[in-house]
Every structure is written in C-alpha cells, then in structure tokens.
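Coordinate inspection notes
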Amino acid sequence: MDEQALLGLNPNADSDFRQRALAYFEQLKISPDAWQVCAEALAQRTYSDDHVKFFCFQVLEHQVKYKYSELTTVQQQLIRETLISWLQAQMLNPQPEKTFIRNKAAQVFALLFVTEYLTKWPKFFFDILSVVDLNPRGVDLYLRILMAIDSELVDRDVVHTSEEARRNTLIKDTMREQCIPNLVESWYQILQNYQYTNSEVTCQCLEVVGAYVSWIDLSLIANDRFINMLLGHMSIEVLREEACDCLFEVVNKGMDPVDKMKLVESLCQVLQSAGFFSIDQEEDVDFLARFSKLVNGMGQSLIVSWSKLIKNGDIKNAQEALQAIETKVALMLQLLIHEDDDISSNIIGFCYDYLHILKQLTVLSDQQKANVEAIMLAVMKKLTYDEEYNFENEGEDEAMFVEYRKQLKLLLDRLAQVSPELLLASVRRVFTSTLQNWQTTRFMEVEVAIRLLYMLAEALPVSHGAHFSGDVSKASALQDMMRTLVTSGVSSYQHTSVTLEFFETVVRYEKFFTVEPQHIPCVLMAFLDHRGLRHSSAKVRSRTAYLFSRFVKSLNKQMNPFIEDILNRIQDLLELSPPENGHQSLLSSDDQLFIYETAGVLIVNSEYPAERKQALMRNLLTPLMEKFKILLEKLMLAQDEERQASLADCLNHAVGFASRTSKAFSNKQTVKQCGCSEVYLDCLQTFLPALSCPLQKDILRSGVRTFLHRMIICLEEEVLPFIPSASEHMLKDCEAKDLQEFIPLINQITAKFKIQVSPFLQQMFMPLLHAIFEVLLRPAEENDQSAALEKQMLRRSYFAFLQTVTGSGMSEVIANQGAENVERVLVTVIQGAVEYPDPIAQKTCFIILSKLVELWGGKDGPVGFADFVYKHIVPACFLAPLKQTFDLADAQTVLALSECAVTLKTIHLKRGPECVQYLQQEYLPSLQVAPEIIQEFCQALQQPDAKVFKNYLKVFFQRAKP
C-alpha cells in the first residue's frame, strides 16, 4: 500500500496529505484487486495504526456493497475467511480495538450477511458464535454485528428499494425459521453470564433484545425466565435504564388485545410489588425518564387494547381494560407533575389518550372527574417557567421548554373537549386569586395565570373569536377575567414575560373591547408608554409594534376619539434614522413598518373628512420625502462602499415605509376618496430619481419597483405618466435578475390598464425585448448552474410577458412592430415550446400560440400567418412532446401537453377541413405515422369535446415514444 498516502488518514495530517489519502481511497475503490491487499492487511494485522485499519474496512465495505457480484466464488470465500480470521484474532488481542473500528467491522459483517445469508452462508450465526463463544471481547462484537444487521433489515430511516425490501422480508422469515431461537438462547446466556460482572456487555445485549423483539416471536422473550431476569435488572443501577427500554419494546409489540392486557398487567404487578411505583423515593431522574416512557407505553398499549375490544364488541374485556387503565392514572399523575420536564413529557401521550377515552364516555364517575381535575392542575403547574429560564438569551434548554409547553397546550385543548366548564372554572380560580395579589406574586405565577386565559381562547370552541356572545356563563366568566386583566395594573409588572403575555392576551381577545370600550384608553396607553413601545427590552418593543398594529386594525371603528393623540405620541417612533446620527432608535426598521401601517390605518379609517385625512397623511409622509432627498444627495457623493450601502439601506426603508402606509386603503376607502392621491404622487416624484442613481442599483431599484407595484393598485391611471421614464431607467445596464423583477411590473400595468397603455407598450416593446435577448445571449460557463437557472427564469418571465400582452387583447402591440420583428418574436415562442426542456415555459408558449391562432388564424389574419401555422406551429405541437426530455409522467409536463392539445384544437377551429387535410396528407405521413393511426388522430381532433382529444393526445404520444 502507498505508505505516504496512508499518512493523510491521520486527522491531524495537513491538508495536502489528507487530499492525497482521499484520492488514494477513490483509486482503491475502483481498482479490481485493491480490496485483497486490505483484506490481507486486516487478516495478517499488518498495521497497528487505527486509521489505517478503519480505512481497510472502508475499502472492503465498498467492495461488498457495490461490486460483490463481480467477484469469483474463490474471492468471495476469501472475504468470508478474512472476516472470520480477523474475528478470531480479536479473542487474543491484549487490547480491544477502538469502538469506531468495531462498529465499522460490524457494518461490513452485516453487509456480507444480507448479501450471502440466503445463498452462500446460511451458517453465518453458527460460525460467528463458534468463534466468540462467551469471550467478552467476542460477545461485544457479536452484539454489534446483530445491531448492524437489525439496522440493515428493519431501520425505517434507511430508504430501501422494493427489491431490497423483498430480500429483507425473506431474510427475516428464514431467520425466524432457522436461527432465532438459537440467537435468543445466546442472549439469555450472555445476560445470565455477565449481568453482575460486565454491565457494558449486558446493556448491549438488552439493546439487542429490545431491537429484535419488534419482529420475532414474542413468546421467546415474554416468558417467565426472560421477564424475571429483566425485572431483576431493573434493580441493578447500571442496568436498569437499558432494562426499562427493553421492557418498553416488549410492551410496545403489536399483539392480541386480551394477551397484551394480561402481559401489561402481570408486568405492572411485579413492578408495583418491587416498589417501582413509589416515585417520590427515587432520586435518579435519568432512570425515572426511562421508567416514565415505560409506563407511557403500558398505558397506551392498554388504551389500544380497549379501543380494539370496543370495536369488536367485546364489552366484558373492554371493561377490564378500562379498569386496568384507571389503576395506572395515579402513577401517571405522579409522573406528569414531576419537577423534571423530561419525566413529565414522556407520560403526556398516555395522558392525552386517557382524556380521549373520557371524551367518548357518556357519563364520568366521580373518580374520573377527579382525575380530569388533577390533570388540569398538573398542566397549570407544569406550564410555569422555572427560575433558571433565561429570557434575554434563550438557548437549547429554553427551546426544549417551549416545545414541552406546546405538548401541555395539546393536553389543555383535550381537557377543554372533555369538560369545558371545569377548565373555565379552574382557570378563573387561578387567574383571579393570582391577579388579586400580583404585586407580591412571583413573575412565573403571574405569567402562567395570564397565559391560561390566553390559552382558553383556542381551547374553548367558538366561531370567529366571538367569546363574548352566545353562552352567557362562559361569556361573563371571560369578560370578568379580561376586565380584571386590564384594570388590575398588571401591565406594569416588571418582567418581560408578563408584559408580553399581557399584550398577547389583549390582542387575542380584542372583541372584549367592543363590549366594554371604556377600557380602550388605558390599554392604548400601555402600548404607547414604557410598558410597550418604549419598554427597556428590544424584544418587547418589537413584538408590541406588531401587536399594536393588530389591535388598532381590529378595533378601527372604536379608534376615532384617539387618532390624533396616538399619531402625536408615535411621532418619534416614525423617524427615519440615517446611519450617521449614531443614536440607536427604539425600533428596528422592520418594527417601524408596523407603526407606519398603524398610522395609515388610523388616518384612512377615521371618520374625518377627506381634507383632514389628506393633511394627516401629508404630515406622516413629508418627513420621509424630505429625508429621502437629503440622503440621495449624500449617496451620490459617498466614496466609501460601506457608507454607500448603509445610505442605500436607509433610502430603501423610507420607500418601504411609504409603501406600507398604502396598505390601509381598500375598495371601500380608496386613495381618491380619502383625498390622498396628491401625497402619493409627490412620493413617486421624490422616489423615482433614485432609479438613475448609478450606485447601489439593486437595492434602490427593488425598493422603488415595489412602491410602483403598490401605486398601480392605489393610484390607478394617475400613475401612468410616471411609467415611461421609470421603465427607461430600469432597463439601463440590466442583469437577468433586474429584468426578471421588472417584467411583473409591466405585466401588472398591461393587465390592469389594457388599451390605455397600448401606445406605451408599442414604444417599449422592442427595447424590452432587446434587453432580454442581450442577457439571454451572453456566454456563460458550461457548468455555471446559477447562470443557467437565471436564464431559465428570465425566459419564463419573457414568455409570461408575451402571454399577458396577447391575453389582454393587445396583440396589435406585437403586430405593429414590423414584419421582421413579429417573425423574430414568433420564432422565439416556437423555440420555447420545443427546444428548452422546461415544462412551465413550454406550457406558456402553447398558451401564446393558441391565443395568436385564435386572433390571427382566420381568413382575415395577417398576411403569411396561415403559412406560419402549418410550417411552424403544427410541427411544434408534435416535436415538443416527442422529445426525450418531455416526461409524460411529470405533472407540469402533462399541463404543457394539455395546452398543446388546445393549440391543435384552435388551429382546427380556425382553419377547418384544410387543417385535417394537411395533417392527413402531408404532415403526419412525413413523420411515418401509420395510416390507421392518422385516421384515428384526425377523428379525435374533430371530436366536439376538447377533453376527449386531450386524453387521446397523451395516449398518442405514449405509444409514439420508445
């Protein structure tokens, strides 16, 4: 072997050596006999370096996995012998191999096993067991091999081909017949032999039993001698976690409901009499987490049995199963309430399913009602944050608690289904008592009290948030709690979690304020002062900005008396903070978007006359325009690229803020009706010069383009005078991406204003096309994926533009470009339909062709178009689907074919018998189509039902393609 290259296997080797080692590995993988060198090195123990041994196993693994069938019988025999002699050597090694080598060796054994067990090596396990016997080092390897085999055969995370899946099923069936009882016996011997002397091997063996239980005959494990041994392990500290997991797998195996019930009950009796149910005596939380998972498994198994028995109508046994479930509830509650969240989390499944049973019972016993209440109290207690939770810098622990809270929320929702009245009463009790003394209560208890009220909104069934109408007792309870929330002063609590929960809840129950509007002013003040938008925590300020906009939007009818006051109070939050003034503004630009939107909503939805609305909107937007002009001048002079970027960012924010205010308008309140057109036209005039700024083009153009999109919607035809010069600027020095983003703007204008913009479109049609073709024809590197993708997207945009023009009844825009240009455009559409394997673009091209045939394909169409139809469009309808890249199994391609069918139908509609004659006598015979098929094709084309032809066309091309 290349000793120099092997040096690069060491993780500390420098990169040149490592590269060389990788190259050497690739070379050995393709070499026909390199594996023999590696096999020999392993059998002879030539190398002592661990990385080299691992490397040799990797080469063997590659050989067995991908090239085994190429070997001769003698060579295959050599691989088997190498592995067995390596295994024998391990018995004598003074030191065991490193774990990573043992695992890799086990993988190679497992690969060889799945390849050879059914044919060449039926005595695989016998051979291995005869080598390892009860030698601890051998047993360790034997167990690792078994785990590797299990993952090859049954691991659901590994994707298998249907061929491999069939082979794996056959292997398992053969193993069950031939060797599983012997393997189980070997496990029993290992456990018995090592349970007190070698915990590592014993735990490995328990893991193997747990893994295999799912697919072998359960009676081999679920019998007295095995179960008693496992229960014995439950009392040995180093074994009990693994024993717990093993029992869990036993309990989890699918079986007859009555047998399962008996198995679980007998296990429970033994565990209970051994004292395992006394949770409070146990201090080892890791063990309790596993034990909780086991109890969860037992509980859920009993519930599955109960469901099956009810379904089968076996009422007697179902009663017994329910009784068995009920006796586990006390233990379940102890685990659910445990202070360790992992222990609690592991039992939630059982708890959830138990509530599901109660939901199905018509009457609950007193004990069952007490259980529901106990679960409710446990959930309320466990929702509470602990002292260690870090609100300012949330890490992994915090993320896990957030996930755990989501699980508890599901339990709370399920509780609401079982007993909504009880849930409402319990929450009300906790909420009221906590908020009476909030000043002296710890933050986590105040937070959870408000959180519970918030959670009721989703838990209690209601349509459209109408919690305060309908059911009187529910409405009055929620109303009482909301009144307490907003009048208690708890919004001043000095903890971010309480503050945030307050605002979230106020917004969640916004309908309360339509019933009791007198509370709106104090909530608005909370939003606007140091409790909300001016809070010391950026996280609170940011979330409040969003919630404030939702609050104002949902209550806009109640806002009228407060509008000017609010606008005055948020004045400083609307300031555009340019990069040079250094002071940190309270809100980020994303947060400011919400404040601008809120200001817009307040003005537009107010009851003021149009002049007043206009004055307020001008006050809101003038500072932005003034700042914009100054910053644009500064940008033109800026030398330093970083400064240019931050100025451009700031300019972009200004445009974005103005854009966002326009979201307040609607069909009922248009810009015109509110008298605000002039203000927005001023904005347009202010922002458009940025398009001609040569610096930071991308960011400035994208902002102004978005603003134009908004203005087309809001200002309607008043925006039209600005479009030509804006377009001219946007078409200068274009990249693919610029054009791709500019075309939707032109499409929007075309589709909205149609004939009004026809002169403008005719004028800019060819300049736009020249810009597009220029970018598409630029040479690119052969394997430059991103350039290829950009061109594909631009091509799609180009065809989408032509589709919009033709589809908006504006074909004269194309027709008036002169015969040569018209032909050039038509040829690109034909190319798009046939040559590029992009079904999305192909579909669009066929839509364009259908439309043009419909408009121009009749007797009075443009001169020469009928020729074009027969020379180019008809052939395109056949050449495109006949291409190898046209995949009829792909959904997008089928849509393209469907449009191709429409094109042919439209040609037939416009040209009549002449089209059929051309297909019959000229075109189809030129494709060597058999006469009877031509006949069939023409009949299908003449069917009045278009769907018949679409279906036929698919079959036609499926037959035509090899």
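Here the structure is a predicted model, which is why all the values come from computation and not from measurement.

The rules behind the values
- Residues numbered from 1 in each chain as written.
- Predicted model: local features only at pLDDT ≥ 70, side-chain atom pairs only at ≥ 80, totals over all residues.
- Heavy atoms only, no water.
- Helix = DSSP H or I, 4+ residues; strand = E, 2+ residues; numbered from the N terminus.
- Expected span 1.5 Å × (residues − 1).
- Buried < 20%, exposed > 50% of the residue type's maximum accessible area, 1.4 Å probe, protein only.
- Patch = residues over 30% accessible without salt bridge, like charges linked within 9 Å, V, L, I, M, F, W, Y side chains within 5 Å.
- Areas by Shrake-Rupley, 256 points an atom, 1.4 Å probe, with all protein chains shown as cover.
- Salt bridge = Lys/Arg side-chain N within 4 Å of Asp/Glu carboxyl O.
- Lys, Arg positive; Asp, Glu negative; His and termini not counted.
- Charge placed at Lys NZ, Arg CZ, Asp CG, Glu CD.
- Domains from an automatic or database assignment.
- Contact = heavy atoms within 4.5 Å.
- Buried area = accessible area lost by both parts, 1.4 Å probe.
- Polar contact = N/O pair within 3.5 Å; in protein donor to acceptor, adjacent residues only side chain to side chain.
- UniProt positions renumbered as here; feature names shortened; annotations may be inferred.
- Axes fitted to C-alpha atoms, helices over the stretch in contact; angles between N-to-C directions.
- Parallel < 35°, antiparallel > 145°, perpendicular 65-115°, else oblique.
- Left-handed = near helix turned anticlockwise from the far one by under 90°.
- Nonpolar A, V, L, I, M, F, W, Y, C, P; charged D, E, K, R; others polar.
- Phe/Tyr/Trp six-rings, centres within 6.5 Å; stacked < 30°, edge-to-face > 60°.
- Lys NZ or Arg CZ within 6 Å of the ring centre and 35° of its normal.

Another aspect to go through is helix α4 (residues 50–66). Relative to the 24 Å expected for 17 residues at 1.5 Å per residue, α4 spans 24 Å between its end C-alpha atoms, a close match to the ideal helical length. Counted residue by residue, α4 has twelve buried out of 17 residues, so it is predominantly covered. Every buried residue belonging to α4 is among D50, V52, K53, F55, C56, F57, V59, L60, E61, H62, Q63 and V64, and all of these are buried.

This part is about a negative patch on the surface. Where like charges cluster on the molecular surface, the negative patch consists of D386, E388, E396 and D397. By the element assignment, E388 lies in the loop between α19 (366–382) and α20 (396–418). The exposed category is assigned to E388, whose relative accessible area is 64%.

Examined at the domain level, the protein chain breaks down into domain 1 (265–385 + 396–418) and domain 2 (419–516). One C-alpha centre belongs to domain 1, the other to domain 2, and the line joining them spans 28 Å. Contacts between the two partners involve 17 residues from domain 1, matched on the other side by 19 residues from domain 2. Taken as a group, M380, Y385 and A416 account for 33% of the area that domain 1 buries against domain 2, more than any other trio of residues on that side. Taken together, the links from domain 1 to domain 2 amount to two salt bridges. Between domain 1 and domain 2 we count three residue pairs in polar contact (both at pLDDT 80 or more) in total. Of all the secondary structure elements, the ones that give two or more residues to the side of domain 1 that touches domain 2 are α19 and α20. Looking at which element gives the most residues to the side of domain 1 that touches domain 2, the answer is α20, with eight residues.

Bringing the UniProt feature "domain: Importin N-terminal" (unreviewed entry) in the protein chain into the picture now. Under the UniProt annotation, "domain: Importin N-terminal" (unreviewed entry) lies at residues 21–89. The straight-line gap between the two end C-alpha atoms of residues 21–89 is 27 Å; of that span, 80% is helix and 0% is strand.

Another aspect to go through is the packing of helix α35 (residues 736–753) against helix α36 (residues 758–776). Taken N-terminus to C-terminus, the directions of α35 and α36 make an angle of 155 degrees; their axes are 11 Å apart at the nearest point. As judged from the angle between their axes, α35 and α36 are roughly antiparallel. Every pair of crossing elements has a handedness; the one defined by α35 and α36 is left-handed. Residues A736, L739, F742, I743, I746 and T750 of α35 lie in contact with α36, whose contacting residues are F760, L761, M764, L768, A771, I772 and V775. Of the residues that constitute the contact of α35 with α36, the class distribution is twelve nonpolar, one polar and no charged.

Let us now look at unusual backbone geometry. Phi at E716 takes a positive value of approximately 55 degrees, unusual for a residue other than glycine. Position of E716 among the secondary structure elements: in the loop between α33 (697–715) and α34 (723–730). E716 sits in the partly exposed class, given a relative accessible area of 35%. Located in the positive-phi region is D733, a residue other than glycine, with phi close to 35 degrees. Mapped onto the elements of the fold, D733 is located in the loop between α34 and α35. For D733, a relative accessible area of 56% translates into the label exposed.

Here we take up the packing of aromatic side chains. Evaluation of the coordinates by the stated rule reveals 52 aromatic pairs. A centroid spacing of 5.0 Å and a plane angle of 80 degrees characterise the contact between F687 and F707, whose relative ring orientation is edge-to-face. Of this pair, F687 sits in helix α32 (residues 677–687) while F707 is found in helix α33, placing the two residues 20 residues apart along the sequence. In this pair, the class of F687 matches that of F707, namely buried. Taken together, F468, F502, F503, Y509, F512, F513, F527, F548 and F551 form an aromatic cluster joined through their ring pairs. Looking at R612, its charged tip hangs above the ring of Y608, at a distance of 6.0 Å from the centre. Stacked on the ring of Y836, the Lys or Arg R795 has its end atom at 3.9 Å from the ring centre.

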